[in-house]
2 protein chains.
Amino acid sequence: MRSVSVIGIGETKMGRYPDRSLQDMILEAGSAAIADAGIDKSKLEAIYFSNFNAQQLCGQGHMGAMVNEVLGVTLPTIRVEAACASGSLAFREAYVAVAAGIYDVVLVGGVEKMTHCATEKVTEAIASASDVASEAAIGVTFPGIFAMIANRYFHEFGNARDAMTAVAIQNHANASHNPDAQMPKPVTKEKVEEGFKIADPFTVFDCSLVTDGAAFTVICATDVAKTLAKGKIIELIGSGHGGNTISIASKDSLTTFAATVEAAKKAYAMACLTPADVDLAEVHDCFTITQIINSEDLGFFKKGTGAQAVLDGKTAINSGVVAINPSGGLKAKGHPIGATGLSQIFEVITQLRSDAGGRQVPGAKIGLTHNIGGTAGTCVVNIFREAE
Amino acid sequence: MRSVSVIGIGETKMGRYPDRSLQDMILEAGSAAIADAGIDKSKLEAIYFSNFNAQQLCGQGHMGAMVNEVLGVTLPTIRVEAACASGSLAFREAYVAVAAGIYDVVLVGGVEKMTHCATEKVTEAIASASDVASEAAIGVTFPGIFAMIANRYFHEFGNARDAMTAVAIQNHANASHNPDAQMPKPVTKEKVEEGFKIADPFTVFDCSLVTDGAAFTVICATDVAKTLAKGKIIELIGSGHGGNTISIASKDSLTTFAATVEAAKKAYAMACLTPADVDLAEVHDCFTITQIINSEDLGFFKKGTGAQAVLDGKTAINSGVVAINPSGGLKAKGHPIGATGLSQIFEVITQLRSDAGGRQVPGAKIGLTHNIGGTAGTCVVNIFREAE
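The residue count restarts for each chain, going from 1 along the sequence in the order it is written. A letter from A marks each chain and a number from 1 marks each ligand, given out in the order of writing. Per-residue local features are limited, in this predicted model, to residues with pLDDT of at least 70; the limit for side-chain atom pairs, both in listing and counting, is 80 or more; totals at the level of whole chains, interfaces and linings are taken over all residues.

### Concerning the overall build of chain A
Then, in step 1: Helical segments are the DSSP runs of H or I of at least four residues, strand segments are the runs of E of at least two, and each set is numbered from the N terminus. Within chain A one finds 14 helices and twelve strands.
Then, in step 2: By the compact-globule yardstick of 21 Å for 388 residues, chain A fits well, its C-alpha radius of gyration being 19 Å.
Then, in step 3: With C-beta atoms placed from the backbone, a residue counts as buried when 20 or more other C-beta atoms lie within 10 Å of its own, as exposed when 12 or fewer do, and as partly exposed for counts between those limits. Among the 388 residues that make up chain A, the fraction classed as buried is 66%. Both definitions apply: the radius of gyration is a C-alpha atom measure, and the globule rule equals 2.2 Å times residues to the power 0.38.

### Quick look at the domain arrangement of chain A
Residue and element names in this part refer to chain A.
Then, in step 1: Split by domain assignment, chain A resolves into domain 1 (4-117 + 210-234) and domain 2 (139-204 + 237-386).
Then, in step 2: Domain start and stop points were drawn from an automatic or database domain assignment. With centres defined by C-alpha atoms, the gap from domain 1 to domain 2 works out at 23 Å.
Then, in step 3: Taken together, the elements giving at least two residues each to the side of domain 1 that touches domain 2 come down to β1 (4-11), α4 (86-99), β4 (105-112) and β7 (213-221).
Then, in step 4: A per-element tally of the side of domain 1 that touches domain 2 places α4 first, with seven residues.
Then, in step 5: Only Asp, Glu, Lys and Arg are considered charged, only Ala, Val, Leu, Ile, Met, Phe, Trp, Tyr, Cys and Pro nonpolar, and every remaining residue, Gly among them, polar. Looking at side-chain class alone, the side of domain 1 that touches domain 2 contains 17 nonpolar, eleven polar and six charged residues.

### Focus on the relation of the copies chain A and chain B
Then, in step 1: When chain A is fitted to chain B, the best match, at an RMSD of 0.0 Å, comes from turning it 180 degrees and sliding it 0.0 Å along the axis. Here the transformation between the copies is reduced to the relation of a two-fold axis.
Then, in step 2: We call two residues in contact when their backbone-placed C-beta atoms lie within 7 Å. Comparing contact sets, 100% of the residues at the interface of chain A also lie at the interface in chain B, consistent with an isologous, same-surface contact. In superposing the copies, a least-squares fit is computed on C-alpha atoms, taking residues whose pLDDT is at least 70 in both.

### A few points about the interface of chain A and chain B
Then, in step 1: Each partner contributes to the interface: chain A provides 50 residues, whereas chain B provides 50 residues.
Then, in step 2: Counting only elements with at least two residues in the side of chain A that touches chain B, the list comes to α2 (54-58), α3 (63-71), β3 (77-81), α4 and β8 (234-243) of chain A.
Then, in step 3: A per-class count over the side of chain A that touches chain B returns 20 nonpolar, 24 polar and six charged.
Then, in step 4: Inspection of the sheet shows β3 of chain A paired to strand β3 (residues 77-81) of chain B by three bridges, in the antiparallel sense. The partner of R79 of chain A across the bridge, within β3 of chain B, is E81 of chain B. Strands qualify as paired when DSSP identifies two bridges or more between them.

### Observations concerning the packing of helix α6 (residues 142-157) of chain A against helix α11 (residues 288-297) of chain A
All names here are of chain A.
Then, in step 1: Direction vectors running N to C along α6 and α11 enclose 55 degrees, while the axes themselves pass 9 Å from each other. As judged from the angle between their axes, α6 and α11 are oblique. The two elements α6 and α11 cross, and the hand of that crossing is left-handed. For the pair formed by α6 and α11, the contact residues are F146, I149, A150 and Y153 on the first element and I289, T290 and I293 on the second.
Then, in step 2: Partitioning the contact of α6 with α11 into residue classes produces six nonpolar, one polar and no charged. Lines fitted to the C-alpha atoms define the axes, with helices restricted to the stretch that makes contact. Angles between their N-to-C directions range from 0 to 180 degrees. Between 65 and 115 degrees an angle is taken as roughly perpendicular, under 35 as roughly parallel, over 145 as roughly antiparallel, and anywhere else as oblique. Helix crossings fall into two classes, left-handed where the near helix is turned counterclockwise from the far one by less than a right angle and right-handed where it is turned clockwise.

### Re the pairing of strand β1 (residues 4-11) of chain B
Put simply, side chains in a regular strand alternate between the two faces of the sheet.
Residue and element names in this part refer to chain B.
Then, in step 1: With eight of its eight residues buried, β1 lies for the most part within the structure.
Then, in step 2: As defined by bridge partners, β1 adjoins strand β7 (residues 213-221) across seven bridges and the pair is classed as antiparallel. Paired with G8 across the strands is V218, a residue of β7.
Then, in step 3: As paired strands, β1 and strand β8 (residues 234-243) are joined by three bridges and run antiparallel to one another. When the bridges of β8 are listed, V4 appears paired with L236.

### Here we look at the pairing of strand β11 (residues 366-373) of chain B
Residues and elements named next belong to chain B.
Then, in step 1: Most of β11 is tucked away: eight of the eight residues are buried.
Then, in step 2: In β11, alternate side chains face the same way, and those of I366, L368, H370 and I372 on one face and G367, T369, N371 and G373 on the other are all buried.
Then, in step 3: Bridging between strand β9 (residues 280-282) and β11 involves three bridges; their strand directions are parallel. Counted as the bridge partner of L280 is G367 from β11.
Then, in step 4: Linking β11 to strand β12 (residues 378-386), which pair antiparallel, is a turn of four residues; within it G374 sits at a positive phi near 60 degrees.

### Some words on the confidence of the model for chain A
Then, in step 1: Averaged over all residues, the pLDDT of chain A equals 97, while 100% of them reach at least 70.
Then, in step 2: The complex model carries a pTM of 0.98, and its ipTM stands at 0.98. One number per residue, pLDDT, summarises how confident the predictor is, and it ranges from 0 to 100.

### Regarding the nonpolar core
Then, in step 1: The term nonpolar core means buried Ala, Val, Leu, Ile, Met, Phe, Trp, Tyr and Cys residues held together as one set by C-beta atoms within 7 Å. By size, the foremost hydrophobic cluster in this structure holds 286 residues, and its most contacted members are V106 of chain A together with V106 of chain B.
Then, in step 2: Excluding its chain neighbours within four sequence positions, the residues that come into contact with V106 of chain A are L44, E45, A46, Y48, A94, A97, V98 and I219 of chain A.

### Description of the environment of K331 of chain A
All names here are of chain A.
Then, in step 1: With respect to the helices and strands, K331 occurs in helix α13 (residues 329-332).
Then, in step 2: A count of 31 C-beta atoms within 10 Å places K331 in the buried class.
Then, in step 3: Along the backbone, K331 and C207 are 124 residues apart, and their C-alpha atoms lie at a distance of 6.3 Å.
Then, in step 4: Once residues within four sequence positions are removed from consideration, K331 is found in contact with A168, N171, S208, D285 and T288.

### Overview of unusual backbone geometry
The bulk of non-glycine residues show a negative phi, and the bulk of peptide bonds are trans.
Then, in step 1: In this structure, the amide linkage connecting D200 of chain A to the following residue, P201 of chain A, adopts the cis form with an omega of 10 degrees.
Then, in step 2: Unusually for a residue other than glycine, S354 of chain A sits at a positive phi of about 60 degrees.
Then, in step 3: By secondary structure assignment, the location of S354 of chain A is in the loop between α14 (337-352) and β11 (366-373).
Then, in step 4: For S354 of chain A, a count of 14 C-beta atoms within 10 Å gives the class partly exposed.
Then, in step 5: In this model, A83 of chain B sits at a positive phi of 55 degrees, which is unusual for a non-glycine residue.

### Structural notes on helix α14 (residues 337-352) of chain B
An α-helix turns once every 3.6 residues. As a result, residues three or four positions apart point the same way.
Then, in step 1: Multiplying 1.5 Å by the helix residue count minus one yields the expected span of that helix. In this model, α14 of chain B (16 residues) spans 24 Å end to end at C-alpha, consistent with the 22 Å of a helix rising 1.5 Å per residue.
Then, in step 2: Positive phi appears at S354 of chain B, one or two residues downstream of α14 of chain B, with a value of about 60 degrees.

### Points about the environment of T165 of chain A
Residues and elements named next belong to chain A.
Then, in step 1: Tracing the backbone through its elements, the reader meets T165 in helix α7 (residues 161-175).
Then, in step 2: On the neighbour-count criterion, T165 (24 C-beta atoms within 10 Å) is buried.
Then, in step 3: For T165, the contacting residues outside a window of four places in its chain are K189, V192 and E193.

### A look at α4 of chain A
Then, in step 1: When the terminal C-alpha atoms of α4 of chain A are compared, their 20 Å separation across 14 residues agrees well with the 20 Å that a helix rising 1.5 Å per residue should span.
Then, in step 2: Of all 14 residues that make up α4 of chain A, 14 are buried, and the element is covered over most of its length.

### Structural notes on the environment of T119 of chain B
Residues and elements named next belong to chain B.
Then, in step 1: As for its placement among the helices and strands, T119 is situated in helix α5 (residues 119-127).
Then, in step 2: You can call T119 exposed: it has 9 C-beta atoms within 10 Å.
Then, in step 3: Expressed as a C-alpha distance, the spacing of T119 and V210, which sit 91 residues apart in the sequence, is 9.6 Å.

Structure follows, in structure tokens:
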């Protein structure tokens, strides 16, 4: 297995673009990543592509072949789907193919287009990531599922309302320094807690955004990268993939996600690192409680202490402990589902290149991405560092 | 890269099962493959899963996690989608992961559930494999696209109506010996040519079936297979993946599929074989003309001579040249889209085990599967032989 690195990144600004096509967003972000890598597209050997649900939302499948058409290439393409973890999983599968020596240089991208649809249709499409027969079909969609998880967390570890609010405030504040963020405006405690009620204990400010957008990376065997890349080469030093069942009813626990624990264990082992070595992490925050639970499952904080850690400022950009979601996260940067995992990687690469401007994590050396699908039925964790 | 083999296969009977759930078909075919491998499910390390469009047809995505739930495991899962080539591509990605040493034993499966929906909805869902904006949106769905291809083939190489009829007759005759076939009844020349007109020159008997069904395989590093498997070990000796654009308007040719040529070239090179070495092939026959064109692009017959080859009996089970679609193909065995590529592999493994009964290809040593997605925007070719 060869070492694999990221040599190019590109993404659209995240937002509501009901009039932009899938093709338009693919072209912008894909071209940006290829340009950022400083290579000609003729160097690409395959495309791994991630999209969650353009089939339901846009009537469009077979999107690997569409990416070929948009970018003017005729490469082998693979679409990967694992709900909200689709982007990270496409990246991981591409890594496996490059590490195995099947390809040297691969484009990995993702897109989602949602805001042209009515809210009910978006809700139905997102609910396809749940066990539809036992959940969505009886009215339990994701805000309800994660609200149950939050209430269970409160029951086991005490009320985390203040910490959830702190997550929202922090992620929005971080997003205000991210030019690609969908909601780059700071929010106050009052605004979060008095927001429109979604599912108790969530207000609308506990929920991630409905977002259109695309994100791409160019990855490469590290040895080859050294002959191709113009800029800093950021190496993938750890990668782990965990799986679990789809329904909430079949989980052993609601307050720890076994797929995250497994993916993180594998990624840390491969990187020969511990959670304490991580400087910054893009952590899946589909809801504020999810970030708190994930920060524990990733080993940054002991189980049950993630809420207090946020209140103590340990997840802030300048904390010196672990900066969580400097991009603003799914909460405030946005959640273009099929592109989300790749946008997380975009942020980590930007940070490790020291290109993150007002949201730069000081002295960032080790960055991690964490991405779950559905009720943590899928989890992918990747760890990055500048190549030696 | 390690050698990889198939040690278990399972599939449902193909058919119209509007009352069977996705879960029910996954359980039947997945359990059958694990039982056929003679292993306990605890030996499985990951699941690669293929589904084309349950998102549009059933409102269900994130099907990797669903397979975990159905089979009672909590493995890393990956859903792959590439239109009608989804199954073969999931198989190929699983092969890459095992060959790379990421996993030793992997379950690969696929499912599709279509017949519970109205015809218009099925047509719309299948059309998502085309370039919706330039094709389906103006009324050009796949029968129309492949009818244009057939007419162009007629223009370049002469009228192939008789050969298309011969393909339909042969595939239905083969299916009559396949207990898993959806339409196991022979058809006559008159029945084919006087069938309901779909898109000139196609009658309904030129078109593959709308099918519910599931198919699974268990794959394994060949070295490990020798310690695990109870039965014959069938090795994957060649695998190729080709890509192209999604729309018909962007193709250089309508009568040769560049993605097939590329995938076949790679697969033959890896296997160190030529087309003449292949004893049987499951060839993508979404329409009768498609089988003829593909038989040329796979190198079995020179361009423009595939039609005459069928009329000369060269593709028959006992021809001694190359037996094409002994299973009955998509045409008569059925086309459960996400499961189709894996059902093709099911047939080739069955043949190479000499377990194919009345449709057994005499002395079959080398078997090939060929699977395209959309208008050949994706193609995967795999070649198998009994392990030494």
